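# Breakdown of the fold
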Amino acid sequence: MFNGYPLSVFLCNTSGAGGWSPMVTDQEPWLQVDLKEQMEVTAVATQGRYDSWDWVSSYLLLYSDTGRVWKQYRHEDGRFVGNTNSEAVVQNKLSHPVRTRFLRFVPRDWNPSGWMGLRVEVYGCSYKSYVADFDGRSALLYRFNQKSMSTVKDVISLRFKSHQAEGVLLHGEGQRGDYITLELHRGRLDLYLNLDDNRLRFSSGRVAVTVGSLLDDQHWHSVQMERFNRQVNLTVDSHTQHFQTKGEGHSLEVDYELSFGGIPLPGKPGTFLRKNFHGCMENLYYNGINVIDLAKRRKPQIHSVGNVTFSCSQPQLVACTFVSSGSSFLSLPSAASATGGFSVRFQFRTWNPDGLLLSVQLNPEPQRLELQISNSRLYLTLHNSGRQKSEVSAGHRVNDGLWHSVSLDTRNLQITLTVDNEPSSAIELWEQLESKGSFYFGGCSAMNCQRQTPAFQGCMRLLFINRQPMNLNHVQQGLLGNYNELQFDTCNIRDRCLPNLCEHGGRCSQTWSTFTCDCSGTGYSGATCHNSIYESSCEAYKLIGSSSGFFSIDPDGSGPLGPTQVYCNMTEEKVWTVLAHNSTAPVTVQGSSPRKPHIMKLNYSASAEQLHAIVSGSEQCQQEVVYNCRKSRLFNTKDGSPDEATGEASCPGVQQCSCSLEENCIDMNYFCNCDADADAWANDTGVLSYKDHLPVSQIVIGDTNRTGSQAVYHIGPLRCYGDRGTASQQRGFLGCIRTLTINGVSFDLEERARMTPGVSSGCPGYCSGSSSLCHNRGRCIEKSNGYVCDCSQSAYGGTTCNQEVSVSFDMESSVTYTFQEPFSVMQNRSSQASSVSTESSSRAREDIAFSFVTSQRPAMLLTVSTFSQQYIAVILAKNGSLQIWYHLQTDRSPDVFSPALNNLADGRLHRIRIHRVGKNLYVQDIHTKYTLSSDAELILIRSLTLGRENFNEKVVQAASKGFIGCLSSVQFNHVAPLKAALTNRGSSLVTIRGPLVQSNCGALAESTSHTLQDHAGVMFVVCVVTAVVFIAVCALAVISRLLYQQRRAQRSNSIKEDNRHSMYTDYRTEMHLHNSVRDNMKEYYI
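Residues numbered from 1 in each chain as written. Predicted model: local features only at pLDDT ≥ 70, side-chain atom pairs only at ≥ 80, totals over all residues. Heavy atoms only, no water.

Per an unreviewed UniProt entry, the chain goes by the name Contactin associated protein family member 5 and belongs to Sparus aurata. Recorded under Subcellular location (unreviewed entry), the UniProt text for the chain is reproduced unchanged: "Membrane". (UniProt positions renumbered as here; feature names shortened; annotations may be inferred.)

Okay, structure coming up:
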């Protein structure tokens, strides 16, 4: 919900550098925003760096109260969508606001042709905060004005944060036996609530309602409990439990006081019955009363026990996350030990049942010590020479997601292992051991690795070596040890079983990256126990060849109802589903009256919900009722109301027996045989078939207390036939869904897809096929009914970026593209660039590609010049050979290379691609590599020119001659100058001199070139045989040439204008394609 005002405004900033951009040497760059105080953040927005090619296309968002312990904001797949250019603003609204002071934007993807660049804006509003700090030995007591407080409605809300997994948040109790307790237990929140239920009062097995998980992560968590009578809603963060209290009471009666933070022992100040809460509470409200505000103002209603302060100063336990089970590790040097030997202490938490926690080489060699998790236990192994080893184990289910403390110590010729203050385990030694080299936590580097166990995946904190604390900030800054695939300042653990996606009571278990469901005993199968192992009806069993017998059916298939046992009668033409109840034999009734009636409740083998599903899913249901009577009436009572409630007749509301409907009652003055009240036995039998009134659930008889009165009744089983459910099933959805949000909560579809039958993650679409649909750097974009190609980064045009963009030049023609800013070519400092430049440490890189046709020599093809007097020139020399000039250092002569010594001014099409990385220069179509004298970058590029250019070097002769011919599909890095010239005439970026005509000469020249090569020999023979025809054709060609030259000047202007308008329309669409792409991001693939 977006409301409020901008807290920190950086967007649209055009001063200075125009945004944030990290150094290339930063391994893990991030942008941190300090809001100066706690704020409620509702949205964030990003922009690229001003007037540049630097932007971030996806990022993570982290938040923190202190700037030391961070938590990732969960958003769809974890990443926020960023920018596709440097100027557009992309806003992301938070599905659930966060209250925080610090934010971190962590780039994950950025412009591959540029670098990371950010301008950010944060939206939200301030809020009032009342905070109390509990040290684990303190509490606040809210005392009532009277002896006891009885309420039928309660609303309790608060926020808390703690690094302890245990502790009482709230407690109250009364002499009647009522109580309420809210406490942390194993990192979850338990609520114990009793309303006048004596069974719970005297029972030691109190049952808690549990919500939340991993609540000891030092981050704020919101709690709200709402109760009205026996209905209770308990919410922790975004997870809610709805339940009803046991017992008959509707009010909560608490005597004297409510305690917050602990349960003090009466008469013993400072003594508590349970482990106290250790952490901070904020905005604690009890039925509208601000408890912390009253305590802060020292109001008499509040009594403080121990040391409660009103600012949150909890210790910040900095953790690091081992991300990868294959390559994460942390190596730390061994600190000097004053007593000899070594000791290691640390805490860890994980979901994985296996993983290497610690390894170290020992002296004397060759010995090695390893501590690992295996099958959820800890194993300490000492590897001696050869294959000998000693091993001890400790702990149990240490992969439960909680923090566990580990201590290793070598002394007295023992290596002792202690886990969570349990009794130690020890390995006996023959001699004292010393550590050699570094301690490896979580894994090891490739050169030091001898492990077969997977690396540890989880979190660690409080690392001590030889009783010296290890500073993880120094590790992150490169001042201590070494690491790989680690996240600092955060424990990025996630409970994948909350909410529990295992259906029908399936038991959820998890690892760091996934979860599994144990469906045994549930009656369901599949990844999430979704598919019933039973058929939905008796008719379905008959279709698979079954015969009559008892079967378990699941009437709602994979719905919430479980299976139930029924008898399937398949001996008749119709298949009957039969459900029996607890009163199958005839029942005799005597001595009942309207005040003390006989009541029989019928219990079926299925629940009420299952019965309703079976009845509503059947075509027809019926149940027989037999009532034998002697002086026992049904409807003929003094007040005219029914005396026996056996259900309704075949038509609802008729209140007549079947003999009345069939007009064959013993006495036609009555609607039922029994209403004649005769001394002789009579019978009323009927079949109830109105489905809304089935099945019969209760029998009440009240007229058998007179002399001679007696009744005998029998209720038959419920019988149904016809399976309407199977016939009404609809065809499921076929297609793709993404960015699913329900009630403001975004769902991780990829993870759910892995666990749902018939659903797979990812959406193939057109663009993910093996063949490239868009060519020449064109980018494929999915549409709901197909795809389009974004050719804005390509020198080619057309629907699939494969059409040549060609222009005819004469001697005076030139095209100059001026860059938008003093532009460093190596702004594309992405990981992709760094991987390509493995041959050189320099970041310098250029990609040049073009095609040309000419008969002129010398000729100037292309030049790139900088403000610092550097340049690149590609020319044809006097002999028509290709020359490449690189002038990177102004105090030296330029490097000149001639990759093609043959004459290229031959009127045929030639394709050239030049690629430089550092000192290495590749001319790819000629398959030649050269080495430059310098690996310097082009600094502050000024312009790129095609054709005539003013030069003062040895290339001046070619420059003065310009270029006569056809240039086609020119690309320099991400710039396509010919395309820009045709689509942006009048732009300040493009300068055109002399006549410039769009042409298809590139495609024609290529076709002609291939024809001449393929058929040269045949053409020679034909020309000799048909010499006369050849002479005639030549004469005609001369005449045509003269006429063409005469009309060329007249048509030149009109041709240029028409072609310009056509190209402008085509390529303007391509240049603005990013806008249409963003507009269609919410489409679904079908």
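As a further point, take the overall build of the chain. Along the chain, the regular secondary structure elements total 15 helices and 69 strands. Per-residue burial for the chain yields a buried fraction of 48% across its 1086 residues. When contacts within the chain are restricted to residue pairs at least 6 apart in sequence, long-range pairs at least 24 apart make up 70% of them. Summing over all exposed atoms, the chain offers an accessible surface of approximately 53,000 Å²; the carbon and sulfur share of this is 50%. (Helix = DSSP H or I, 4+ residues; strand = E, 2+ residues; numbered from the N terminus. Buried < 20%, exposed > 50% of the residue type's maximum accessible area, 1.4 Å probe, protein only. Contact = heavy atoms within 4.5 Å. Areas by Shrake-Rupley, 256 points an atom, 1.4 Å probe, with all protein chains shown as cover.)

So, about the state of the cysteines. A full pass over the atoms with the stated rule returns 12 disulfides. Across a sulfur-sulfur distance of 2.1 Å, Cys 519 and Cys 529 are joined as a disulfide pair. For the disulfide bridge between Cys 519 and Cys 529, the dihedral angle about the S-S bond is near -90 degrees, and by the sign convention the bridge is left-handed. Remark: Cys 529 occurs in the loop between strand 40 (524-525) and strand 41 (531-532) and Cys 519 occurs in the loop between strand 39 (515-518) and strand 40; sequence separation between them is 10 residues. (Disulfide = S-S within 2.5 Å.)

Next up on the list: the confidence of the model for the chain. Scored by pLDDT, the chain comes out at a mean of 81, with 81% of its residues at no less than 70. When the elements of the chain are averaged for pLDDT, helix 9 (residues 831-836) gives the smallest value, 34, and strand 25 (residues 343-349) the largest, 96. Below pLDDT 50 for its whole length, residues 644-652 participates in 28 contacts with residues either more than four positions away or in separate chains. Every residue in residues 822-841 is under pLDDT 50, and counting partners more than four places away or in other chains gives 54 contacts. (pLDDT = per-residue confidence, 0-100.)

It is worth spelling out the nonpolar core at this point. In this structure, Phe 809, Phe 850, Phe 852, Leu 861, Leu 946 and Leu 967 are the most contacted members of the largest nonpolar core, which totals 45 residues. Filtering out sequence-adjacent residues up to four positions away, Leu 946 remains in contact with Phe 809, Ser 813, Ser 814, Val 815, Leu 861, Leu 862, Leu 967, Val 970, Pro 977 and Leu 978. One finds Leu 378, Met 470, Tyr 483 and Leu 486 within the second-largest nonpolar core, a separate group that totals 42 residues. (Core = buried A, V, L, I, M, F, W, Y, C linked by side-chain atoms within 4.5 Å.)

On to the sheet that holds strand 14 (residues 209-211). Judged by pairing direction, the sheet is antiparallel, and its 7 strands sit side by side in the order 14-13-12-11-18-9-21 without closing on themselves. Strands with a single pairing partner mark the edges of an open sheet, and in this sheet they are strand 14 and strand 21 (302-305). Sheet twist, expressed as the mean angle between neighbouring strand axes with direction ignored, is 20 degrees. Here strand 11 (residues 167-173) runs beside strand 12 (residues 179-185); their pairing, made up of 6 bridges, is antiparallel. Bridge pairing in strand 12 places Val 168 opposite Glu 183. (Pairing = 2+ DSSP bridges. Axes fitted to C-alpha atoms, helices over the stretch in contact; angles between N-to-C directions.)

Turning our eyes to something else, we now look at the packing of aromatic side chains. Across all of its chains, the model carries 25 aromatic pairs by this definition. Relative to Phe 456, the ring of Phe 348 lies with its centre 6.2 Å away and its plane at 90 degrees, an arrangement referred to as edge-to-face. Placement of the pair is Phe 348 in strand 25 and Phe 456 in the loop between strand 33 (434-441) and strand 34 (458-465), with a sequence separation of 108 residues. On the basis of relative accessibility, which here comes to 0%, the residue Phe 348 falls in the buried class. Ring centres 6.3 Å apart and planes at 70 degrees place the aromatic pair Phe 819 and Phe 972 in the edge-to-face group. With Phe 819 in strand 57 (residues 814-823) and Phe 972 in strand 67 (residues 965-972), this residue pair connects regions lying 153 residues apart in the sequence. Given the relative accessible area of 8%, Phe 819 is considered buried. Note on Phe 972: relative accessible area 1%, which makes it buried. Taken together, the aromatic side chains of Phe 322, Phe 346, Phe 348, Phe 441 and Phe 456 make up a single cluster linked through ring pairs. (Phe/Tyr/Trp six-rings, centres within 6.5 Å; stacked < 30°, edge-to-face > 60°.)

There is a patch of nonpolar side chains on the surface, built from Ile 737, Leu 740 and Ile 742 and spanning about 240 Å² of accessible area. Turning to its location among the elements, Ile 742 is positioned in strand 52 (residues 741-742). (Patch = residues over 30% accessible without salt bridge, like charges linked within 9 Å, V, L, I, M, F, W, Y side chains within 5 Å. Salt bridge = Lys/Arg side-chain N within 4 Å of Asp/Glu carboxyl O.)

This part covers the environment of Ser 525. Relative to the helices and strands, Ser 525 resides in strand 40. With 21 residues separating them along the chain, Ser 525 and His 504 place their C-alpha atoms 9.9 Å apart. Apart from residues lying up to four places away in sequence, Ser 525 is in contact with Cys 519, His 530, Asn 531 and Ile 533.

Every buried residue of helix 5 (residues 608-616) is listed here: Gln 610, Leu 611, Ala 613, Ile 614 and Val 615. Looking at the buried residues of helix 5, the elements they touch are strand 42 (549-553), strand 43 (564-569), strand 44 (576-579), strand 47 (618-630) and strand 51 (718-723).

Moving on, we get to the sheet that holds strand 67. Here 7 strands make up an open sheet; going across it, the order is 65-64-63-58-67-56-69 and the pairing antiparallel. Two strands close off the open sheet at either side, each with one partner strand: strand 65 (928-931) and strand 69 (996-999). Adjacent strand axes in the sheet meet at a mean angle of 25 degrees, parallel and antiparallel pairs treated alike. In this structure, strand 56 (residues 806-809) lies alongside strand 69, joined through 4 bridges in antiparallel fashion. Each residue of the ladder has a partner; that of Ser 806, found in strand 69, is Ser 999.

Moving on to the environment of His 383. Among the structural elements, His 383 can be located in strand 28 (residues 377-383). Once the C-alpha coordinates of His 383 and Arg 368 are considered, the two residues, 15 residues apart in sequence, prove to be 5.1 Å apart. When residues no more than four places from it in sequence are discounted, the contact partners of His 383 are Pro 366, Gln 367, Arg 368, Glu 370, Gln 388 and Lys 389.

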